[in-house]
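Per-entry structural report
Letter by letter, the chains look like this.
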Amino acid sequence: MSEYQKLIDEAQSAAESSQNAEELGSARSKFLGKKSQLSEAKKELGKLEERDRAAAGKELNEVRKLIEKAFEQREVHLQEEAWNLQFESERIDLSERLESLRRGHLHLITQARDHLEDVFVGMGFTVAEGPEVETAWYNFEALNIPDWHPARGNFDTIFVNLGSPEEVMLRSHTSPVQVRTMENHQPPIYIVAPGRTFRTDNADATHLPAFNQIEGLVIDKGITMGDLAGTIDSFVQAFFGTEVKSRLRPSYFPFTEPSAEFDISRPDGSWLELGGCGMVHPNVLSNCGIDSEEWQGFAFGFGIDRLVAMRYQLDDIRELVVNDARFLRQF
Ligand code: PHE
């Protein structure tokens, strides 16, 4: 046997070092094929004496078995490796599922509303609320907009089929919260009221039928238009940064006198209309039981969605409501 030990060792290491079926096949034929040393030795058997022939043949068979075993083992091993590679490459990728389990965050509008509240709370305001379904009294009448008033037409109101016609509605602005607050609180009053508002507008790049406003109301002694301008300027700088400017333009609202619209500067130098404001009309104060000789104040209201669109340079405000996670995830 020792005569063949070297051959066995060589065959085993040739099998071990084969990296694939092809390499293994050619190593196999080198050691077990027709021209192999083993096959040659087998041919020589015929030349031996019969007695010796049996022993030599048995020995050759054992050597062949050992070598065959080495190649078989290697073959099984290579086959397993190939299967593993295949399993690995065909494995179903479940990472999308993990992705959808990723932790979410507050919506862009909610973030902006929270930020606005923080800025105003930092300026000494508290946060007030009112219902989304309102009566004509709060949405219009108490705000000095009687039912004959043409300004009602500006609000594109969505009415609710309750009570007498046009008596109940989805609030078309957050200004009714001014009235509710003044009815229930004695001045001084410093509140902001963020919330959802509704109009019959069709959704387009700059309009949504359900949108968000934030209302501000200050009632105190000796309040002037200068306080209003200063408050708007401070808020704009706190929210956008000191490079953004604000300006007031004369305008008209039935519930403020004088009234103004306020704009903020865009990076390109143009102005974006953000909302309306003015000194609270004496009729509104008296509608809410506040003595307009003793108290004065200002109010403002503007769209949060627009503010967000401007801040994040959104081309289309509808992005804010289609709830595409790929969009929302960015913020
Ligand atoms: N409520 C007005 C609007 O929605 C904005 C406004 C609020 C104007 C407060 C003046 C004072 O257009």
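Right above here is the structure, for reference.
Here goes a summary of the coordinates provided. Everything numeric in this text was worked out from a predicted model, so none of it was measured. (Residues numbered from 1 in each chain as written. Predicted model: local features only at pLDDT ≥ 70, side-chain atom pairs only at ≥ 80, totals over all residues. Heavy atoms only, no water.)

**Points about the overall build of the protein**
The helix and strand inventory of the protein stands at 12 helices and 10 strands. For 331 residues, the compact-globule formula gives about 20 Å, and the C-alpha radius of gyration of the protein, at 43 Å, lies well above that figure. Along the three orthogonal principal directions, the C-alpha set of the protein runs to about 140 × 45 × 35 Å. A total of 331 residues make up the protein; the buried ones form 41% of that total. Of the contacts made within the protein by residues no fewer than 6 positions apart, 65% connect residues no fewer than 24 positions apart. For the protein, the exposed area adds up to about 19,100 Å²; of that, 50% sits on carbon and sulfur atoms. (Helix = DSSP H or I, 4+ residues; strand = E, 2+ residues; numbered from the N terminus. Rg over C-alpha atoms; globule rule 2.2 N^0.38 Å. Buried < 20%, exposed > 50% of the residue type's maximum accessible area, 1.4 Å probe, protein only. Contact = heavy atoms within 4.5 Å. Areas by Shrake-Rupley, 256 points an atom, 1.4 Å probe, with all protein chains shown as cover.)

**Some points on the sheet that holds strand β4 (residues 168-170)**
Backbone-to-backbone hydrogen bonds pair the strands of a sheet. The strands run either parallel or antiparallel. In space, the 3 strands of this open sheet follow the order β2-β4-β3, with antiparallel pairing throughout. Of all strands in the sheet, those with a lone pairing partner are β2 (133-135) and β3 (159-160), marking the two edges. As defined by bridge partners, β2 adjoins β4 across 3 bridges and the pair is classed as antiparallel. Bridge pairing in β4 links valine 133 to leucine 170. (Pairing = 2+ DSSP bridges.)

**Section: the pairing of strand β10 (residues 296-303)**
The element β10 is extensively covered by neighbouring structure, given that 7 of its 8 residues are classed as buried. Here 8 bridges tie strand β6 (residues 210-220) to β10, and the two strands are oriented antiparallel to one another. By the bridge assignment, valine 218 is partnered in β10 with phenylalanine 298. Strand direction decides the pairing type here: strand β9 (residues 271-280) and β10, joined by 5 bridges, are antiparallel. Across the sheet, the residue bridging to glycine 276 is glycine 301, located in β10.

**Side note on the pairing of strand β8 (residues 256-265)**
When you tally the buried positions in β8, you get 8 out of 10 residues, the bulk of the element. Pairing geometry for strand β7 (residues 246-253) and β8, over 7 bridges, is antiparallel. Each bridged residue has a counterpart across the sheet, and for arginine 249 the counterpart in β8 is glutamate 261. Hairpin connection between β7 and β8: a loop of 2 residues separates the two successive antiparallel strands.

**Observations concerning the environment of glutamate 10**
Mapped onto the secondary structure, glutamate 10 falls in helix α1 (residues 2-16). A residue is classified by how much of its surface remains accessible, and glutamate 10, at 36% relative accessible area, is partly exposed. Expressed as a C-alpha distance, the spacing of glutamate 10 and isoleucine 67, which sit 57 residues apart in the sequence, is 9.4 Å.

**What about helix α9 (residues 225-240)?**
With 16 residues, α9 extends 22 Å between its outermost C-alpha atoms, agreeing within 8% with the 22 Å of an ideal straight helix rising 1.5 Å per residue. Of the residues making up α9, those classed as buried are Leu228, Thr231, Ile232, Phe235, Val236, Phe239 and Phe240. Angularly, the buried residues of α9 cover 130° about the axis, an arc narrow enough to put them on a single face. Those residues of α9 that are buried are in contact with α6 (108-122), β7, β8, β9, β10 and α11 (304-311). Where α9 starts, the residue carrying a side-chain oxygen 3.1 Å from the main-chain nitrogen of glycine 226 turns out to be threonine 224. Backbone geometry just downstream of α9 places glycine 241 in the positive-phi region, at approximately 110°. (Expected span 1.5 Å × (residues − 1). Arc of directions from axis to C-beta. Polar contact = N/O pair within 3.5 Å; in protein donor to acceptor, adjacent residues only side chain to side chain.)

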